[in-house]
Amino acid sequence: MEDTVLVVNCGSSSLKLALFDNRLQKQASALAERLGQDDAFARLGHEDTPLTLPPGASHSQALESLVEVFRERGLMSSAPVAVGHRVVHGGETFREAALIDDSVINAIENCAALAPLHNPVNLSGIRATLSQFPDVPQTAVFDTAFHQTLPKRAYLYAVPEAWYQDWGVRRYGFHGTSHAYIVLEAARLLDKTPATTSIISAHLGNGCSVTAIRDGISVDTSMGLTPLEGLVMGTRSGDVDPGLFDFLASKGMAADEVHRSLNQRGGLLGLSGQTNDMRTLCELADHGHEPSRNAIDVFCFRLARYIGAMMASVKELDGLVFTGGIGENSARIRQQTIDNLEIFGYKLSTDLNNHHGEYSDGRIESAESRYPVLVIPTNEELMIAREALQLAENTPNA
Ligand code: ADP
């Protein structure tokens, strides 16, 4: 049995595990859902039969059960050699992944005010894994770290400066692990080095963000203080007029209700009144459902506007990349977005766009396009496993 690397991603009521071998080939994955509730359950890989968890199972109990299942199936004979954790907010403290010790745990706790829904739950995963594998080096990989290279002009809001100094109000950006992976892959496909690669990376999943990457580093991104800013997402509104808050208050809406509506009832779901799932929306639009068509139009137009805005942040451009569930799978959304960007000289090949999976270089632009356009599947788990293994190998006692 080979050495393994375990990747842990804790959501508020979920736990995702991925298991890699020491050559970073993925061996298994597992997902526990509805944690803390009576009907908590888990699933291994794509198996249909759910695994039972104790009613009300905690993150820690789910971790124990799933590790036990990995062992029973012969996927993991001993403790992993490294564990990597996805952590949402690293504030200005973390510019890169960090080997977890007490001071790192304290720093993640200190960033919790910036991500109250995410950091505490990420920490519960860290604590559960530390108690299960106390001697294994564990690494925190932050969604915000890749964006710590943003220049001031891109991260400062035009608000009283004391808000930044006293409370850390600035743009942080998220999805950093995905955008960082994308620039490595883009460089490989374009036969360049990451440090000389400049791209615009559009990560379009349930959460969506666009990042401008100049010479391998993030120089602008669409998400801000929180992951609510920017593009239209599954249930998140993205940008709205800040004047909306005052207006809604005058209508009697409390702050927490505004927060919930913009985060959970906005975006594609809010506009369509039907679903946050882009594939279903496309089907509904094809059947003449007007609100679904509007949702798609607003999604693609906002995305095109942001890609246009990101053009101001790159001096040269090696390519525009689509990734995430929507970016990787929807030729329609890619086409409609690019149609809004003709002024910049982007042009897709209909054939390549519709059949990109059949070509290994990821390219979907037509011969007349001013810039390459690529579809690259993202792989945040692999990126986390890679960082965790690297830091573990550099640990003297590992
Ligand atoms: P998450 O951000 O939760 O990881 P994903 O990256 O898996 O989400 O993206 C999920 C989104 O991708 C959903 O809106 C889903 O409908 C969309 N998607 C997946 N396949 C297609 C497709 N063929 N056409 C349109 N949308 C798709």
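My aim in this report is to walk through the structure given alongside it, one point at a time. Sequence positions are assigned chain by chain, starting from 1 and proceeding in written order. In view of the model being predicted, local features appear only for residues whose pLDDT reaches at least 70, and side-chain atom pairs are presented and counted only at 80 or more, with totals across whole chains, interfaces and linings using the full set of residues. For side-chain calculations, the full set of non-hydrogen atoms in the structure is used, while hydrogens and water are omitted.

1. Regarding the overall build of the protein
- Only runs of H or I of at least four residues qualify as helices and only runs of E of at least two qualify as strands under DSSP, and these elements are numbered from the N terminus. Assigned secondary structure in the protein consists of 15 helices and 13 strands.
- Every radius of gyration here is taken over C-alpha atoms, with the globule rule written as 2.2 Å times N^0.38, N being the number of residues. What you see for the protein is a C-alpha radius of gyration of 21 Å, in line with the 21 Å of a compact globule of 398 residues.
- The principal-axis extent of the C-alpha atoms belonging to the protein is close to 55 × 55 × 45 Å.
- Exposure classes here rest on a 1.4 Å probe applied to the protein chains alone. A residue is buried below 20% of its type maximum, exposed above 50%, and partly exposed in between. Counting all 398 residues of the protein, 52% fall into the buried class.

2. Digging into the pattern of salt bridges
- One side-chain nitrogen of Lys or Arg within 4 Å of one carboxyl oxygen of Asp or Glu is enough to make a salt bridge. Going through the model one piece at a time under the given rule, you end up with 15 salt bridges.
- Across the salt bridge formed by Glu381 and Lys26, the nearest N and O atoms sit 2.7 Å from each other. On the criterion of sequence distance, the pair formed by Glu381 in helix α15 (residues 380-393) and Lys26 in strand β3 (residues 26-33) is long-range, its members being 355 residues apart.
- Note on Glu381: relative accessible area 25%, which makes it partly exposed.

3. Quick notes on the sheet that holds strand β11 (residues 217-221)
- On the basis of which strands lie adjacent, the open sheet formed by five strands has the order β11-β10-β9-β12-β13 and mixed pairing. The strands lining the two open edges of the sheet, one partner per strand, are β11 and β13 (373-375). Ignoring which end each strand starts from, the neighbouring axes of this sheet average 25 degrees apart.
- Two strands pair when backbone bridges link them, and strand β9 (residues 199-204) and strand β10 (residues 208-214) are joined in this way by six bridges, in the antiparallel orientation. Bridging across to β10, Leu204 finds its partner in Cys208.
- Against the sheet, helix α6 (residues 176-189) engages β9, β10, β12 (319-323) and β13, with an angle of about 130 degrees to β9. One bridge is not enough; two strands pair if DSSP finds at least two bridges between them. Throughout, an axis means a line fitted to C-alpha atoms (over the contacting stretch in the case of helices), and angles, computed between N-to-C directions, take values from 0 to 180 degrees. Throughout, a contact is declared for two residues whenever any of their heavy atoms are within 4.5 Å.

4. With respect to the nonpolar core
- To define a nonpolar core, start from buried Ala, Val, Leu, Ile, Met, Phe, Trp, Tyr and Cys residues and group those joined through side-chain atoms within 4.5 Å. If you look at the biggest cluster of nonpolar residues, it comprises 43 residues, and the most contacted ones within it are Ile200, Leu204, Val210, Met278, Phe299, Leu303 and Tyr346.
- Mapped onto this core, the elements with two or more residues apiece are β9, β10, α10 (278-286), α11 (290-310), β12, α13 (331-339) and β13.
- Per-element accounting of this core gives the leading share, nine residues, to α11.

5. Thoughts on the environment of Met311
- As for its placement among the helices and strands, Met311 is situated in the loop between α11 and β12.
- By relative accessible area, which is 15% here, Met311 ends up buried.
- Placed 178 residues apart in sequence, Met311 and Phe133 show a C-alpha to C-alpha distance of 46 Å.
- Beyond its immediate stretch of four places on either side in the chain, Met311 contacts Ile200, Leu317, Phe344, Tyr346 and Tyr371.

6. With respect to the layout of surface pockets
- In this analysis, the protein atoms alone were mapped onto a 1 Å grid. Cavities are point sets where a 1.4 Å probe fits without being able to get out; pockets are open sets with protein on both sides within 12 Å along at least five of seven lines; lining residues have an atom within 4 Å of a point. Grid points are joined across faces, edges and corners, and a volume is the space filled by probe spheres set on the points. Of the volumes computed, that of the second largest pocket is approximately 460 Å³.
- If you go around the second largest pocket, you meet 22 residues; those closest to its centre are Arg95, Glu96, Phe146, Ala180 and Glu387.
- Side-chain classes are defined by residue name, with Ala, Val, Leu, Ile, Met, Phe, Trp, Tyr, Cys and Pro counting as nonpolar, Asp, Glu, Lys and Arg as charged, and the others, Gly among them, as polar. Its residues placed into classes, the lining of the second largest pocket shows 11 nonpolar, seven polar and four charged.

7. Overview of the sheet that holds strand β7 (residues 98-99)
- Taken in spatial order, the eight strands of this open sheet run β5-β4-β3-β2-β1-β6-β8-β7, and their pairing is mixed. Here the strands that pair on one side only, and so sit at the sheet edges, are β5 (51-52) and β7.
- Where β7 meets strand β8 (residues 138-142), two bridges bridge the pair, whose relative direction is antiparallel. For Leu99, the partnering residue across the bridge sits in β8 and is Thr139.
- Each of β1 (4-10), β2 (15-21), β3, β6 (82-87), β7 and β8 is contacted by α15, which is oriented at about 130 degrees to β6, the strand it contacts most.

That's the geometry; what it means functionally is another story.
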